Amino acid sequence: MTLKFKHTFMVSLSSIASPYVAPSSTSSSTSNSTSSSASSSTSSNISSESTSQTRESQHPLVTLFKRRGFWAARETAAALKNVSAVDLRQVIETLCTDIAAGTWDEDPLAVCQRIVERIPLEQLQAAVKEKYPSAENAATAAVAMLEEARHFLQVSEKQGSSTIQALLSTICDSVISIIESLLSTFGIHEFLRPPENEFEANLKAQKVMNLLTFFSVLTSTLLPLVGIAPSMLILGATLLFLSVLSFLYPYCRPMPSMLPRAENISRQVRQVRQGTHLLTDGRKHYVDQIAQTLIASKTTNAHPLLVGKSGIGKNELVKALAAAIDENVYPELAGKHVFYIATADLCQNTKQFGGPARLLAKISEAMGRHRDRFILVFDKIHLAADTSHPALCEHLKILLGPAAGNFPYVIGLTNENDYAQHILPNTSFDRHFTRINITNTSDEETLEILHNTLIRQAPSLLVEPGALQYLIAKTKEAFRDLPQPGNSIRILSKCIQLSCDMQRIPLVETITRIQREIHTRSVQDWHSGHARTTEQEDVITRLEEQLRGLQKQLRENLPRYRSFFKIRNNFARVKNAMYREVYAASLSAARVLHGSRAKHLAAFQLMHRFLLPAMEAEIRRTAGNLELQAVLNNELVNSALLQSTAPSLHSAQ
């Protein structure tokens, strides 16, 4: 179901990417407990272990929560009856700090579930009040975050079709593909139709040879096994079957999932329903306009033509339309499938298919009796109106007309310059379209699209407040002529690449540089034919000693690198689970018992107020110690911009 968000929610959506920073007045205890361990890997491990041991010695509840089993749960429940809100807050913070640091071998979500099952919601809420005096109760906070949770889950989760449905669809497509391949190779009905060109004559001769080869192989196989009479009977039955199937199949052919030189956009969107997630309220009216123009094209004979700069989002609007049709947002277009056709590909392959007219005829023939269920998207459609392809232009104009056997639903994509140069002067071609101008997104619309991109591609990436606004402003300043949102999405993707799990480790880069320097110095000596001097020997010796030290340091730090990336993945999982708890608590209000709703609310409070802030602090601390990039900030944006502009500057020089 397509979601609509108010302007105020779009602005506040910036909290989705990193909404877990605790207020400075209340989060000092967590940050202070970890900041003193940033000097070295050994001291940080000793510090965290000693802090954990100290807190465990302060209160036995920490040990009880770490124990599993029925008796541990009973002892924990008895101990909780006499614990104060201050002590409970310290216990929960200790547990969450240990979970964030990865000192437990258990899954963080399983630990959260055990904690929630043992702590009543009232006591957990009291601990939250102790940490955040102005915090609302769990139910009120969950209601306030419900729209945010719905949006996050809709964008982040791939809601494809069920496994059984996908399997049946794949089997049906395979069967249809086998039948069509068989008829394409051995079909008989096309023998009666005279060839229209040399290409079709050669293709028909090839089919005759395939058919003769097939029958000769079948005869040579059957004769020794069953004799002459049964072999002739089998050959006759096979020939009759192919003949009947060739003549009847076009009249009973199901809806094809493929067209010649076309890409099935609807199937892609159905498998991963993310088309509508790239839209904002300011862009959805374009999809509505496209849909209404398509619906009216049956009477007006004017198809939608999207005109805008490359990268402005025309293809994403087409995907959003396919997703909306699949979700039955437009009942008049229900059951229709969107297919993408590159007009440049048609122009390049016209000779192979016997000319442009024959290629379009092949597409029309493949649509068959289901042509009303196809929406054809012609990218760079101005090429069809170019004078260098007159046959393609004339035949496409016929298929765009009101005659029977035409293309009933067509969407054209082009840019402003090509529209003015090729389509606008061709009046007879232009009159078949209704122009829809696609403009740049506003800063607010671009901001929401960037948030959606982060949710889908990098849910574990922390975002500093104002970083995305800074990215948009600097991108517009550096690339004034490039359209939005494509320009900002490109820089954001570069930022994600620089901070992803596959980012280059600084220690590895240093080791690689030293190895290269040692190799270069050694090669120079080999080519010169002279023995090394004492100075050269000393330099190489120092480099080799430095290399051994760095390699040892890398071996010692490898577990910490793995632990860091594991913590980041767990952070994304816990964030997703928190939004699930918010959504489940809203559904439980009227349908499930109060106890179940209380558990959902308690899990939400535990993750939102304690665990996620602890995990974020641990990610920041560990990333700083390992010199890794884990936060999207102004510095990372500047690095991405520098790497994106460097090639263009180099080419200009």
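As the structure is a computational prediction, the values presented were derived from the model and not from experiment. (Residues numbered from 1 in each chain as written. Predicted model: local features only at pLDDT ≥ 70, side-chain atom pairs only at ≥ 80, totals over all residues. Heavy atoms only, no water.)

Asker: Mind laying out the packing of helix α22 (residues 443-457) against helix α23 (residues 467-478), listing which residues take part and the relevant values?
Answerer: At a minimum axis distance of 10 Å, the contact between α22 and α23 shows a crossing angle of 120°. Relative to α23, the element α22 lies oblique. Judged by the twist between their axes, the crossing of α22 over α23 is right-handed. Judged by residue contacts, Asp 443, Thr 446, Leu 447, Leu 450, His 451 and Leu 454 of α22 engage Leu 468, Gln 469, Leu 471, Ile 472 and Lys 476 from α23. When its residues are assigned to classes, the contact of α22 with α23 shows six nonpolar, three polar and two charged. (Axes fitted to C-alpha atoms, helices over the stretch in contact; angles between N-to-C directions. Helix = DSSP H or I, 4+ residues; strand = E, 2+ residues; numbered from the N terminus. Parallel < 35°, antiparallel > 145°, perpendicular 65-115°, else oblique. Left-handed = near helix turned anticlockwise from the far one by under 90°. Contact = heavy atoms within 4.5 Å. Nonpolar A, V, L, I, M, F, W, Y, C, P; charged D, E, K, R; others polar.)

Asker: Let's hear about the packing of aromatic side chains: which residues, and what values?
Answerer: Within the structure shown, the criterion is met by six aromatic pairs. With centroids separated by 5.5 Å and ring planes inclined at 45°, the aromatic side chains of Phe 429 and Phe 433 adopt a geometry described as tilted. Across the pair, Phe 433 and Phe 429 agree in class, each one buried. Here the basic side chain of Arg 490 rests over the ring of Phe 479, its NZ or CZ set 4.7 Å away from the ring centre. Here the guanidinium or amino end of Arg 609 rests over the ring plane of Tyr 132, the centre of that ring lying 5.1 Å away. (Phe/Tyr/Trp six-rings, centres within 6.5 Å; stacked < 30°, edge-to-face > 60°. Buried < 20%, exposed > 50% of the residue type's maximum accessible area, 1.4 Å probe, protein only. Lys NZ or Arg CZ within 6 Å of the ring centre and 35° of its normal.)

Asker: With reference to specific residues and values, describe the sheet that holds strand β2 (residues 303-307).
Answerer: Strand order in the open sheet formed by six strands is β1-β3-β4-β5-β2-β6, with mixed pairing between adjacent strands. Sheet topology places β1 (263-264) and β6 (433-437) at the edges, where each strand pairs with a single neighbour. Inspection of the sheet shows β2 paired to β6 by five bridges, in the parallel sense. Within β6, the residue paired with Leu 306 across the bridge is Ile 436. In the packing of helix α16 (residues 314-326) onto the sheet, the strands contacted are β2, β3 (337-342), β4 (374-379) and β5 (410-414), and the crossing angle to β5 comes to about 160°. (Pairing = 2+ DSSP bridges.)

Asker: Can you break down the confidence of the model for the protein residue by residue, with the values?
Answerer: Summing up the model confidence of the protein, the mean pLDDT is 78 and the portion of residues at 70 or higher is 77%. Scored below 50 in pLDDT, residues 1-57 makes 91 contacts in the model with residues more than four places away or belonging to other chains. Scored below 50 in pLDDT, residues 647-653 shows zero contacts in the model against residues more than four places distant or in partner chains. (pLDDT = per-residue confidence, 0-100.)

Asker: An account of the nonpolar core is requested, with residue identities and associated values reported.
Answerer: One finds Phe 65, Ile 92, Ile 119, Phe 564, Leu 606 and Phe 610 to be the most contacted residues of the largest nonpolar core, which totals 76 residues. By residue number, the principal contributor to this core is helix α26 (residues 534-591), which donates 17 residues. With near-sequence residues (within four places) excluded, Phe 65 lies in contact with Thr 76, Leu 80, Val 91, Leu 95, Arg 114, Ile 115, Arg 118 and Ile 119. Residues Leu 360, Ile 363, Ala 384 and Leu 392 belong to the second largest nonpolar core, which totals 30 residues. (Core = buried A, V, L, I, M, F, W, Y, C linked by side-chain atoms within 4.5 Å.)

Asker: An account of the environment of Lys 336 is needed here, citing residue identities and associated values.
Answerer: Structurally, Lys 336 is set in the loop between α16 and β3. Given a relative accessible area of 12%, Lys 336 falls into the buried group. Sequence separation of Lys 336 and Asp 372 is 36 residues, and the distance between their C-alpha atoms is 7.6 Å. When neighbours within four sequence positions are excluded, Lys 336 is seen to be in contact with Ser 266, Ile 325, Asp 372, Arg 373, Ile 375 and Tyr 409.

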